[in-house]
Amino acid sequence: MAIGQRLTARSALQALKALTLSVALTAALGAATSAQAAHGSYNPMMPRQLSATSAQADYSYGFSILAGNAIDTLEPANRAMWYLNYDLFDRYLLRPIAHGYAALPRGFQDSIGHFLSNIDEVNNIPNNMLVGDSMGSVRSLGRLVINSTIGILGFFDVATQLGVNHTPMPMEAVLGKAGVDQGPFIMVPAYGPTTARDIHGATIDGLPFFAISWPVTIAHWAVRGIHNRAQLVPQEGMVDNALDPYIQTRDVFLMYDENAINPVEEGEVESEDNFDDALLDEIDG
């Protein structure tokens, strides 16, 4: 009887530890339990799912599930690309350019940001419609018309001053809301962190630029990259001083990406000290 009681007590303790660990992980990922991403019924990033049984199967391959059900199955290659991007490309090329850009007048940087945001409205119009936000689609159309004309090609955000608020909806967010998981985390040379889902979404959103010309596409990509990198200059210390800069960047990127799909309600999770969420908003356009 005593042995049975000890086993029962041990099982209860293990269950309590598992529950505590689960709650802690959920909070660390920046989402409440109700907002935690669930596996979609179909996911092009995973092996083909042909039945209800296979849809519920575990395709983690022994790896830890990260925010958005992302898996870092390519970590050795990603770390090699991290060295190429962060220790070489960023340090000796992109960072000096970004610091030079960040030294320009704030008004000039804001105008570039408004211009890039206005271009994104071309995709926000159909993407908002795809997620059932017809009013968001109308606002995006209104912003495109107002800022492209009165705002001089979007360099001035007149629409916001008139009360027409920005409703960003990139295709990767559309896919996420449709139940598509992040898939593998990927560190792309000269591009930076992304996921399989984001690559699919960015490719679709980039089709209008591909239809124009490759030089325009490359110029748009380069200007956006420099502008976004310059907005992160104040946060360089967070990465430079991290115990593992690769893990720090990966986890922050995935949590921010997932929060765009399943936003955390205000007050659910406290913001991390010394971390400016507004800087990541610059990346999102």
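Note: the structure precedes this text.
Residues numbered from 1 in each chain as written. Predicted model: local features only at pLDDT ≥ 70, side-chain atom pairs only at ≥ 80, totals over all residues. Heavy atoms only, no water.

Asks: Sorry, what's going on with the pattern of salt bridges here?
Replies: A pair can form between side chains of opposite charge whenever their charged atoms are brought close. In total, this model carries 14 salt bridges according to the counting rule given. We note a salt bridge from Asp-90 to Arg-229, for which the minimum N-O separation is 2.8 Å. Here Asp-90, found in helix H3 (residues 75–102), pairs with Arg-229, found in helix H10 (residues 214–231); they are 139 residues apart in sequence, far enough to count as distant. We note that Asp-90, like Arg-229, is buried. A salt bridge links Asp-240 to Arg-95; its shortest N-O distance comes to 3.4 Å. Of this pair, Asp-240 sits in helix H11 (residues 236–240) while Arg-95 sits in helix H3; the two residues are 145 residues apart in sequence, bridging distant segments of the chain. Counted as one network, the salt bridges with shared partners bring together Asp-90, Arg-95, Arg-229, Glu-236 and Asp-240. (Salt bridge = Lys/Arg side-chain N within 4 Å of Asp/Glu carboxyl O. Helix = DSSP H or I, 4+ residues; strand = E, 2+ residues; numbered from the N terminus. Buried < 20%, exposed > 50% of the residue type's maximum accessible area, 1.4 Å probe, protein only.)

Asks: Would you take a moment to explain H3 for this structure?
Replies: With 28 residues, H3 should cover 40 Å at 1.5 Å per step; its first-to-last C-alpha distance of 32 Å lies more than 12% under that length. Its maximal kink placed at Asp-90, H3 deviates by approximately 70°. The set of residues buried in H3 consists of Asn-78, Trp-82, Asn-85, Tyr-86, Asp-90, Leu-94, Arg-95, Ala-98 and Tyr-101. In this fold, the buried residues of H3 make contact with helix H4 (106–130), strand E1 (185–188), strand E2 (192–195), H10, H11 and helix H12 (245–261). (Expected span 1.5 Å × (residues − 1). Bend = angle between axes of the 7 residues up to and from the residue. Contact = heavy atoms within 4.5 Å.)

Asks: Would you mind showing me how to read the pairing of E2 here?
Replies: Put simply, side chains in a regular strand alternate between the two faces of the sheet. Taken together, the four bridges between E1 and E2 define a ladder with antiparallel strand orientation. Bridge pairing links Ile-186 to Thr-194 in E2. Linking E1 to E2, which pair antiparallel, is a turn of three residues; within it Ala-190 sits at a positive phi near 65°. (Pairing = 2+ DSSP bridges.)

Asks: Explain the nonpolar core here, please?
Replies: What tends to happen in soluble globular proteins is that the nonpolar side chains get buried as a cluster. Core analysis: the largest hydrophobic core is formed by 10 residues, namely Leu-66, Ala-67, Ala-70, Trp-82, Tyr-86, Phe-185, Met-187, Val-239, Tyr-246 and Leu-254. At the level of secondary structure, the elements contributing two or more residues to this core comprise H3, E1 and H12. Aside from chain neighbours lying at most four places away, what touches Met-187 is Asn-78, Met-81, Trp-82, Asn-85, Gly-192, Pro-193 and Tyr-246. Judged by nonpolar contacts, the second largest core, of seven residues, contains Ala-173, Leu-175, Val-180 and Ile-261. (Core = buried A, V, L, I, M, F, W, Y, C linked by side-chain atoms within 4.5 Å.)

Asks: Even after reading the chapter, I still don't get the packing of H3 against H12, so can you show me in this structure?
Replies: For any two helices packed against each other, the geometry comes down to the angle between their axes and how far apart the axes lie. Between H3 and H12, the shortest axis-to-axis distance is 11 Å and the interhelical angle comes to 105°. Taken together, the axes of H3 and H12 lie roughly perpendicular to each other. Each of Glu-75, Asn-78, Arg-79 and Trp-82 in H3 lies in contact with H12, whose residues at this interface are Pro-245, Tyr-246, Ile-247 and Thr-249. Its residues assigned to classes, the contact of H3 with H12 shows four nonpolar, two polar and two charged. (Axes fitted to C-alpha atoms, helices over the stretch in contact; angles between N-to-C directions. Parallel < 35°, antiparallel > 145°, perpendicular 65-115°, else oblique. Nonpolar A, V, L, I, M, F, W, Y, C, P; charged D, E, K, R; others polar.)

Asks: How should I be thinking about the packing of H4 against helix H5 (residues 134–149) in this particular structure?
Replies: Closest axis-to-axis distance for the H4/H5 pair is 8 Å, and the angle between their directions is 160°. Comparing the axis directions of H4 and H5 gives the class roughly antiparallel. Of the two elements, H4 crosses H5, and the hand of that crossing is left-handed. Across from Asn-118, Glu-121, Val-122, Asn-124, Ile-125, Asn-128 and Met-129 in H4, the residues of H5 making contact are Ser-134, Gly-136, Ser-137, Ser-140, Leu-141, Arg-143, Leu-144, Asn-147 and Ser-148. Looking at side-chain class alone, the contact of H4 with H5 contains five nonpolar, nine polar and two charged residues. (Left-handed = near helix turned anticlockwise from the far one by under 90°.)

Asks: Where do I start with the side chain of His-227 in this structure?
Replies: Relative to the assigned elements, His-227 resides in helix H10. In this structure His-227 comes out as buried when scored by relative accessible area, which is 3%. For His-227, the side chain forms a polar contact with the side chain of Tyr-101, separated by 2.7 Å. (Polar contact = N/O pair within 3.5 Å; in protein donor to acceptor, adjacent residues only side chain to side chain.)

Asks: Help me understand the packing of aromatic side chains, please; the structure alone is not making it clear to me.
Replies: One pair of aromatic rings is described through two measures. These are the centre distance and the angle between the planes. Going through the model one piece at a time under the given rule, you end up with six aromatic pairs. Judged by centre distance (4.7 Å) and plane angle (15°), the rings of Trp-82 and Tyr-86 are stacked. In this pair, Trp-82 and Tyr-86 are both assigned in helix H3, four residues apart and thus about one turn of the helix distant. Residue Trp-82 is classed as buried on the basis of its relative accessible area of 12%. (Phe/Tyr/Trp six-rings, centres within 6.5 Å; stacked < 30°, edge-to-face > 60°.)

Asks: How do you make sense of H10 when you look at a structure like this?
Replies: End to end, H10 covers 26 Å across 18 residues, agreeing with the expected 26 Å (1.5 Å per residue, within 8%). Turning to H10, its buried residues number three or more, namely Thr-217, His-220, Arg-224, His-227, Asn-228, Arg-229, Ala-230 and Gln-231.

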